[in-house]
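# Architecture and fold: a report
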Amino acid sequence: MEPQKKLINSVDRCVDEALCGLVRASGGLCLLKGHRVVLRSDLDSLKGKVALLSGGGSGHEPAHGGYIGAGMLSAAVAGGVFASPPPASILAAILSLHQAGASGILLIVKNYTGDRLNFGPAAEQARNQGVNVDMLIVAEDCAFDQPSKAGRRGLCGTVFIHKLAGALAEEGCSLDQIVSKMKEVLKRIGTLGVSLSPCSVPGCLPSFDLPPGAMELGLGIHGEPGIKRSKVASADEVVKTMIDHMTNPDSQSHLPLKSGDSFVLCVNNLGALSCLEMAVVTRAAITCLESRGVVVARVMSGSFMTSLEMAGVSLTLMRANPETLRLFDAKTSAPAWPNLSTACVSGRSYITEAPAMSMRPQDDKHSQGPLSPVMRKVLDRICSTLLEKQEELNSLDRAAGDGDCGNTHAQAARAFQEWLQDHVIPGCPGQLLSVLAGLVEEKMGGSSGALYSLFLTAAAGHVTEGRSSGAAWATAVHAGTQAMRRYGGADPGDRTMLDALCPAAEELMKLTTAPPAGQMDVLHAAVQKAAAGAEATRDLTARAGRASYIAAERVTLPDPGAVAVAAILKAVAETLGEQKVVLLEGEPPPSLKSPAASNSFTNSACCTQTTTKMEFACSHVVCNWGPDGPGISQFGPNYENIAILKQQTDALPPPLPPRRFRKPRPTSLPNPPFSPSHLPVTPLSLPPPVPPRRDLLEGENRFKVNINVVSLGVGKLADISQDTGLESFQSPVICGKCSAALSCLSSVWKKLWVCEFCGYENGVDENLAQVCIGQRAGVRSDDLYLPRESEDDYQNLEDTMVVFCVDISGSMTVTTEVTSDSGSTAHVSRLEGIQDALQRTLTFALQKTPHRRVALVTFNDEVVIYGDGTRTPLTIKDWALVDYEHIWKQAVGYNVPHCIAETHQDLSRRVKELREHGATALGPAALASVALASKYPGSKVILCTDGRANIGLGDMEQAQSSSAKTPYFYRELALHAVAKGVIISVMSFRGTDCRLADIGRLADMTGGRVYKACVEKPDWCDLNLLEHLWDE
């Protein structure tokens, strides 16, 4: 174990540098040359008054130097950390105060043997030199029921003595008067501490050991043992335990407490508790005392007498009377004394009535309007979209934030859904936006909730029931976006949600001039701009939000806030587009009827109609038609969806719907040098296929329809690569964003292809651009892709993986004496044997199966997934080692894109750098390896270990656990591997205590093997064994 890290320059100089820092920061203090003594800088003001001197070991700051000033100490002597100061420095301080004209000097000393032994001789020497000096021992510890001969320890109650004695000295009281009154006060003071962790002197190990989850009651400020250890409880329970012990009348060191008494309370931070925890403890202490009928007159809460970095707190109680309170409230210039109120704590009203506020918008009652149904459908779609994307947004946020972006958006969606259950959608859009603003502000939380609330609130004033045109909505979105920029401080390009929202808002402003027929096109264009903006954030450097604190090279995924905005806009556009579609049941509308074909569709067929154009909803499903009668073969089973054809005088097919032609796609490219009328047009969708019909039908015939079947007629299979009449390309042109392929339906202009699926701009070869133009003009056929057969351009048909899961725990350091062929001996550790075997295996794999993926996973007290060695390793540790789903999800998400031919050098370097240490997390490592291999059915996991698991899932260290939970874990893991097509082999060493009965089940159930190697004759390095293992 290494000493605790501390922010100091030198262990030897830390005390002197700390005293220098204190004095340099406080104008009323100065240092005594050659000694660790801090003095008041106005020593002349001590003439005729009693001077107070205290001190002790360092490490208790702000005690004692922080309490030097008018009304408190006159000087303080510091020793080393937790070490009493030497008598020479104490005497130098006494003489300095005496020479300043002090009428007497009071030494205030905590009751520790070292302090008494060093302050005592200095006092005696001062008396011999004619100095009027006295010493007051502070011993107010309430920990021990029967204190030893050494007596009760001096703790934080010493600070109370500093204050009261200092006030008396400032008033001019004599030395004897001050000592007499302080001895009476000491009888009414008690202190007790509790610690959650030890402390450590600079350069040393912790002063004591405290198990995790335990606390120690009654310890001293130097880390001396307490009276009892127990599990950490709540703040209320801990405070009650402390006060009960302090006031227990059965204890000889108890502090008497009865109802009606008035007390001063000090809640002292021992060093490492947060201000939040201190406030919680302070409240608990006040409440506990008041519940006993005690009047809490004053409270001081903070760091007053610490114990370095100890995480703990002490409570000091002082029974007070009016005189005590008067001295306590007296002014002092000591820098560490808090600025306290002189009002009594108990009985004071500490809650102020909140001002009357208007009702929350979400609680108001609203009336519906014409737009209410549409807005409800839009809001429903937004909610379902956000809930579906919850995990995706969380995953994106983990890379640059706290991983809760999806959760916060899901909270907002659920809040909307709950509100919709009990409320109607107001007819005024602005009122709905105000409601949503109130809901996200209350339920969503975080910065996202505040930003959405800003957006919705600013937008609400621009849309009303009478003003809800496209132009009004565009103005509302623009106003909301500007509010987010103004108050949030971010701009486009800062890698935030604004990178998706601002381009969309700018595009939507075109609604102010667009005709009604073109408004949906503007909306769809805005959705594309938002999606492109969100995707572009993966290449931006974050300058706002949590991601701005993370190195840019680690932030490679799109911003989750921008992705959420793009998804919301897409949901809005899709819902509004659907609201223009009328679902018709029964008879088609008159516009679709014709004398030649009057089909009556029931259940199985439907048409869609917009306000301006008609188009079939689906044009690529071929129905399987056939008469229902004997001797007629049917495709598949009987279906209930039946179409009835009535007899007609002629047998004409139904009318073809009008064709829609592709509009020019919005682009930043310059306009072409010819008029749009000469542009080649491409139909956006083709007419539906005409179903086969029977002419001159007699009566009514019933047809079976299977609308889920696509029927294909295949004449013969031929080697089209040998057909010289077909022109082919060796590989498709793939969109860099969505992986769509360039086709005859694609638009290519000046070697630039704008993907028709995602809008991403891709550069293409000039020859391909000419081919696409020829295809659209009907001169050429569509693309035919045939792979070129080349040794250099291999295709991995097997596409499987081998995962080496290697134990690098401390037990792998065990060495064995190995004799070489030459007769020389050497000691080889188990890990060295595995490393040598792995290097040979990787070379063997490179030669035999260069196209196969190989991955490396190691484990000790954490699991590290190196993958193919080319990416940043993924580490799984601490709580994650017992979270089955988390391990599986993390490993499955870790990509291994390269084969051994590309990664041999990286993997070899990773294997060479392995070092042994720590415990053994075998179970989590096996789970991660199976998950990593599960993406490629037929893959293998080779588990290399020498011992039993003692951390995380599948722990085999405890007998009780091993008897039940451990076999269950490995059995379930084996079943998972079988389901995913993963084979597991286990390799261990002879003579070890590896629990093969449990982990051997992995090999038995998955078809793998169990090997036990001998280091003296290392089978790991035997090529025949490796070849067998590789091909098994």
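- With an unreviewed UniProt entry as reference, the chain is termed Triokinase/FMN cyclase, source organism Ilyodon furcidens.
- Quoted verbatim from the Function (unreviewed entry) field of the UniProt record, the comment on the chain reads "Catalyzes both the phosphorylation of dihydroxyacetone and of glyceraldehyde, and the splitting of ribonucleoside diphosphate-X compounds among which FAD is the best substrate. Represses IFIH1-mediated cellular antiviral response."
- Recorded under Cofactor (unreviewed entry), the UniProt text for the chain is reproduced unchanged: "Co(2+)".

## Regarding a nonpolar patch on the surface
- A surface patch of nonpolar side chains, about 230 Å² in accessible area, is lined by Leu975, Val978 and Met1005.
- As for its placement among the helices and strands, Val978 is situated in helix α23 (residues 959–980).
- Residue Val978 is classed as partly exposed on the basis of its relative accessible area, which comes to 44%.

## Topic: the environment of Thr282
- Considering the arrangement of structural elements, one finds Thr282 in helix α7 (residues 275–291).
- Each C-alpha atom, one on Thr282 and one on Gly302, is 9.5 Å from the other, the two residues being 20 residues apart in sequence.
- Those residues in contact with Thr282 that sit more than four places away from it in its chain are Val267, Val299 and Ser301.

## Focus on the side chain of Thr945
- With respect to the element layout, Thr945 can be found in the loop between β24 (940–944) and α23.
- Of the polar contacts made by the side chain of Thr945, one reaches the side chain of Asp807; its length is 2.8 Å.

## Quick look at helix α19 (residues 830–848)
- Look at α19: 27 Å from first C-alpha to last across 19 residues, which is about the 27 Å you get at 1.5 Å a residue.
- Among all positions in α19, only Arg830, Leu831, Gly833, Ile834, Gln835, Ala837, Leu838, Thr841, Leu842, Phe844 and Ala845 are buried.

## Describing the packing of aromatic side chains
- The tally for this structure, following the rule as stated, stands at four aromatic pairs.
- Ring centres of Phe160 and Phe328 lie 5.9 Å apart, and the angle between their planes is 75 degrees; this geometry places the pair in the edge-to-face category. Separated by 168 residues along the polypeptide, Phe160 in helix α4 (residues 157–171) and Phe328 in helix α8 (residues 322–329) bring together distant segments of the chain. The two residues Phe160 and Phe328 agree in class, both being buried.
- Within the aromatic cluster, the residues linked to one another by ring pairs are Phe160, Phe328 and Trp337.
- The cationic tip of Lys163 hangs over the ring face of Trp337; the distance from NZ or CZ to the ring centre is 5.8 Å.
- Note that Arg871 overlies the ring of Tyr894, its terminal NZ or CZ placed 4.4 Å from the centroid.

## Here's the deal with the sheet that holds strand β25 (residues 983–989)
- Ordered in space as β23-β22-β21-β18-β24-β25-β26, the seven strands form an open sheet in which the pairing is mixed. The two strands at the open ends of the sheet, each matched to only one other strand, are β23 (874–876) and β26 (1010–1013). Averaged over all pairs of adjacent strands, the angle between their axes in this sheet comes to 20 degrees, without regard to strand direction.
- Note: β24 against β25, five bridges, orientation parallel. Counted as the bridge partner of Val941 is Ile984 from β25.

## Here we look at the side chain of Asp807
- Relative to the helices and strands, Asp807 resides in strand β18 (residues 801–807).
- Buried charge without a salt bridge: Asp807, with Arg830 as the nearest opposite-charge side chain at an N-O distance of 7.7 Å.
- Polar side-chain contacts of Asp807 include one of 2.8 Å to the side chain of Ser809.
- Not counting chain neighbours up to four residues away, the residues in contact with Asp807 comprise Met812, Leu831, Phe859, Thr920, Cys944, Thr945, Asp946 and Gly947.

## Regarding the sheet that holds strand β3 (residues 50–58)
- The strand order β1-β2-β4-β3-β5-β6 describes an open sheet built from six strands, whose pairing is mixed. A single partner strand is all that each edge strand has here, and the edge strands are β1 (29–31) and β6 (133–138). Direction aside, neighbouring strands of the sheet carry axes that sit 25 degrees apart on average.
- Judged from the six bridges that link them, strand β5 (residues 104–110) and β6 form a sheet pairing that is parallel. Paired with Lys110 across the bridge in β6 is Val138.

## So, the packing of helix α13 (residues 446–460) against helix α14 (residues 470–488)
- At a closest axis distance of 7 Å, the pairing of α13 and α14 adopts a crossing angle of 135 degrees. Looking at the two axes, α13 sits oblique to α14. As for the relative orientation of α13 and α14, their crossing is right-handed in sense. Contact residues: α13 offers Leu451, Leu454, Phe455, Ala458 and Ala459, while α14 offers Ala476, Val477, Ala479, Gly480, Thr481, Ala483, Met484, Tyr487 and Gly488.
- Across the contact of α13 with α14, the residue classes break down as 11 nonpolar, three polar and no charged.

## Examining the environment of Gln125
- One can find Gln125 in helix α3 (residues 113–128).
- Gln125 sits in the partly exposed class, given a relative accessible area of 37%.

## Quick look at unusual backbone geometry
- Residue Pro62 is reached from Glu61 by a cis peptide bond, and omega for that bond is 15 degrees.
- By secondary structure assignment, the location of Pro62 is in the loop between β3 and β4 (75–81).
- Of note, the amide linkage connecting Ala63 to His64 takes the cis form, showing an omega dihedral of 5 degrees.
- In this fold, His64 is placed in the loop between β3 and β4.
- With a phi angle near 60 degrees, Phe82 is a residue other than glycine that sits in the positive phi range.
- Relative to the helices and strands, Phe82 resides in the loop between β4 and α2 (87–99).
- Its identity as a non-glycine residue notwithstanding, Asp878 has a phi of 55 degrees, on the positive side.
- Looking at the secondary structure, you find Asp878 in the loop between β23 and α20 (884–892).

Parameters at a glance
- Per chain, residues are indexed from 1 in the order of the written sequence.
- Selection of residues for local features in this predicted model requires a pLDDT of at least 70, selection of side-chain atom pairs for listing and counting requires 80 or more, and totals for whole chains, interfaces and linings are taken over all residues.
- Based on all heavy atoms of the structure, the side-chain values leave hydrogens and waters out of the count.
- UniProt positions are given in the numbering used here, feature names are shortened, and annotations may be inferred rather than shown by experiment.
- Here the term patch refers to residues with relative accessible area over 30% and no salt bridge, with like charges joined within 9 Å and nonpolar side chains (Val, Leu, Ile, Met, Phe, Trp, Tyr) within 5 Å.
- For every accessible area listed, the method is Shrake-Rupley and the probe measures 1.4 Å; residues are considered covered only by the protein chains on display.
- Every case where a carboxyl oxygen of Asp or Glu lies within 4 Å of a side-chain nitrogen of Lys or Arg is listed as a salt bridge.
- In this text, helices come from DSSP runs of H or I with a minimum length of four residues, and strands from runs of E with a minimum of two, each type numbered from the N-terminal end.
- For every residue, the accessible area (1.4 Å probe, protein chains only) is compared with the maximum for its type, and the residue is labelled buried under 20%, exposed over 50%, or partly exposed between those bounds.
- Contact definition: two residues touch when any of their heavy atoms are within 4.5 Å.
- By the criterion applied in these results, polar contacts are pairs of N or O atoms within 3.5 Å in which, for protein atoms, one can donate a hydrogen and the other can accept it, and in which residues neighboring in sequence qualify only through two side-chain atoms.
- Residue count minus one, scaled by 1.5 Å, sets the expected span of a helix.
- What counts as a ring pair is set by centres within 6.5 Å for rings of Phe, Tyr and Trp (its six-membered ring), and what kind of pair is set by the plane angle: stacked under 30 degrees, edge-to-face over 60, tilted for all other angles.
- Geometrically, a charge over a ring is one whose NZ (Lys) or CZ (Arg) sits within 6 Å of the ring centre while staying within 35 degrees of the ring normal.
- Two strands make a pair as long as DSSP finds a minimum of two bridges between them.
- Every axis in this analysis is a line fitted to C-alpha atoms, fitted for helices over the stretch in contact. Angles between the N-to-C directions lie between 0 and 180 degrees.
- All tallies of charge rest on Lys and Arg as positive and Asp and Glu as negative; His and the ends of each chain are not included.
- Orientation categories follow fixed angle ranges, with anything under 35 degrees roughly parallel, anything over 145 roughly antiparallel, 65 to 115 roughly perpendicular, and all other angles oblique.
- In this scheme, a crossing is called left-handed if the near helix is turned counterclockwise away from the far one by less than a right angle; it is called right-handed if the turn is clockwise.
- When residue character is reported, Ala, Val, Leu, Ile, Met, Phe, Trp, Tyr, Cys and Pro are called nonpolar, Asp, Glu, Lys and Arg charged, and the others, Gly included, polar.

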